[in-house]
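# Examining the three-dimensional arrangement
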Number of protein chains: 2
Amino acid sequence: MMNKVEVCFSPQLFDLFDTENSIVVVVDIFRATSAMVTAFQHGAKSFIPVSTIKEAKEWKEKGFLAAGERNGEVVKGFEFGNSPFSYQSDAINGREIVLTTTNGTRAINIAKKNADTVLIGAFLNLQALANHLKNQGKDVVIFCAGWKDRFNMEDSLFAGALTMLLLTSGKFESSCDSANASSLVYRTARKDLLRFLANCSHRKRLAHLNLEKDVEYCLQTDTTDVIPVLRNDKLVLLG
Amino acid sequence: MMNKVEVCFSPQLFDLFDTENSIVVVVDIFRATSAMVTAFQHGAKSFIPVSTIKEAKEWKEKGFLAAGERNGEVVKGFEFGNSPFSYQSDAINGREIVLTTTNGTRAINIAKKNADTVLIGAFLNLQALANHLKNQGKDVVIFCAGWKDRFNMEDSLFAGALTMLLLTSGKFESSCDSANASSLVYRTARKDLLRFLANCSHRKRLAHLNLEKDVEYCLQTDTTDVIPVLRNDKLVLLG
């Protein structure tokens, strides 16, 4: 039997998807899920995704490393923000990190209410994710964190890329218009994602913050095999 | 000064858009807005868009023609459904029609709460709409009715087509990712919309109901100059 792949463009649309028996892949390319994948690649033990700065502070007071980002900037008083480069450090090896971001951690906390399994996706672990999903025999919903509940281009491009890999595996089918539209946009953009995204709203937002290096980093494909998975409200390394 | 064009993919996302001083173009290609445009082209006096079958029945009892569609089928006991062909009739000349559909009329009633002006769009009146909008000096939000709050392909294609026309007029700009994604998908699809939509979810739904002729009709471009506009809770002919 074929499994379904669907794409959700916004946290505000997630309740339309029946995810009880599905694997939900949460994606926030710029930069939360790219940063998390990078952190696991560099030895982080776990992430605790929380929705508010207040919650993150409470964990910080208990001795956890604290990472926080709002509107693209590091939350004052926190060790880390959303930059993947900040997680390429020995300081995070074996550590548990509480994380709150504008879009990504909120999406994770919405997804966990209903989904069978929640995984974290980024271009960095795209092929590894596809390989894993092909062998699960479950439907997949790719959940774009978006920007403040709006559709955004970079998360949709990732959704298109993953949809294409799943469909070509022969184990998935899609009658989901958002999955088909995403794949089409990805096919047009794939040769040069960076250039394609020159006009996208979030890249402009980050350019303003001098984060072009982060943008380039997050658009690299298949640099790692790590897949973060949510277990008991913590993201840990799968397998 | 340039005006903005934005695209909203779902009624469930409409609250994210600031439409107080904007013109909102509601689109439900298969088939509500295509049917309305056709009706005005054939002499209808007005449409009263209502969200529920119960409301439509109340108007019907007052002597209005009643049109109702749910899940692609005519509501039992109503004169008309959503098929544009049923409005190509002398019977509607000068008449007021109460209308309730699965997606389109709901979108109209959501839009009217905040928008400066609500217009009705379809491929049938695409160029006429673009010509009108170019001369208003107002921001535009293209509001896709979708299918039960989900993204759908045909409404997004229309959004892409109208976005392209507005951007090429030199009077509009867009930093809206959904507008840019829609335009891109439309550019790929425009040569043969019918074929492109072969796999879209709603066309499949209509094929099942033997409505292929309606689908072909609704994908014709620029067959009329009529533009319906909402005034005092009724859709009437603009100008």
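The structure under discussion appears in the preceding block.
Remember, it's a predicted structure, so these values are computed and weren't measured experimentally. (Residues numbered from 1 in each chain as written. Chains lettered and ligands numbered in written order. Predicted model: local features only at pLDDT ≥ 70, side-chain atom pairs only at ≥ 80, totals over all residues. Heavy atoms only, no water.)

### Some points on the environment of B:Phe30
All names here are of chain B. With respect to the helices and strands, Phe30 occurs in the loop between β2 (23–27) and α1 (32–41). Placed 190 residues apart in sequence, Phe30 and Gln220 show a C-alpha to C-alpha distance of 12 Å. With sequence-adjacent residues up to four places away left out, Phe30 is seen in contact with Glu154, Leu197, His202, Arg203, Leu206, Val215, Cys218 and Leu219. (Helix = DSSP H or I, 4+ residues; strand = E, 2+ residues; numbered from the N terminus. Contact = heavy atoms within 4.5 Å.)

### As for the interface of chain A and chain B
Contacts between the two partners involve 28 residues from chain A and, on the opposite side, 28 residues from chain B. For the pair chain A and chain B, the summed buried surface comes to about 2300 Å²; carbon and sulfur atoms form 60% of the total. For the interface between chain A and chain B, the tally reads two salt bridges. We note a salt bridge from B:Glu6 to A:Arg150, for which the minimum N-O separation is 3.0 Å. (Buried area = accessible area lost by both parts, 1.4 Å probe. Salt bridge = Lys/Arg side-chain N within 4 Å of Asp/Glu carboxyl O.)

### Focus: the state of the cysteines
Applying the stated criterion across every chain yields a total of zero disulfides over all chains. With no disulfide of its own, A:Cys8 lies closest to A:Cys144 among cysteine sulfurs, the gap being 7.2 Å. (Disulfide = S-S within 2.5 Å.)

### Overview of the pattern of salt bridges
All names here are of chain A. Enumeration according to the criterion identifies 16 salt bridges over all chains in this entry. Ionic pairing is found between Lys54 and Glu58, a salt bridge with its closest N-O pair at 3.3 Å. Within this pair, Lys54 and its partner Glu58 are both found in helix α2 (residues 53–61), separated by four residues, close to a single helical turn. Residue class for Glu58 comes out partly exposed when judged on its relative accessible area of 39%. When the shortest N-O distance is used, the salt bridge between Lys234 and Glu96 registers 2.8 Å. Pair noted here: Lys234 is in strand β11 (residues 234–237) and Glu96 is in strand β6 (residues 96–100), with a separation of 138 residues, a long-range link. Given the relative accessible area of 19%, Glu96 is considered buried. (Buried < 20%, exposed > 50% of the residue type's maximum accessible area, 1.4 Å probe, protein only.)

Geometric descriptors of this kind do not, in isolation, establish any biological role.
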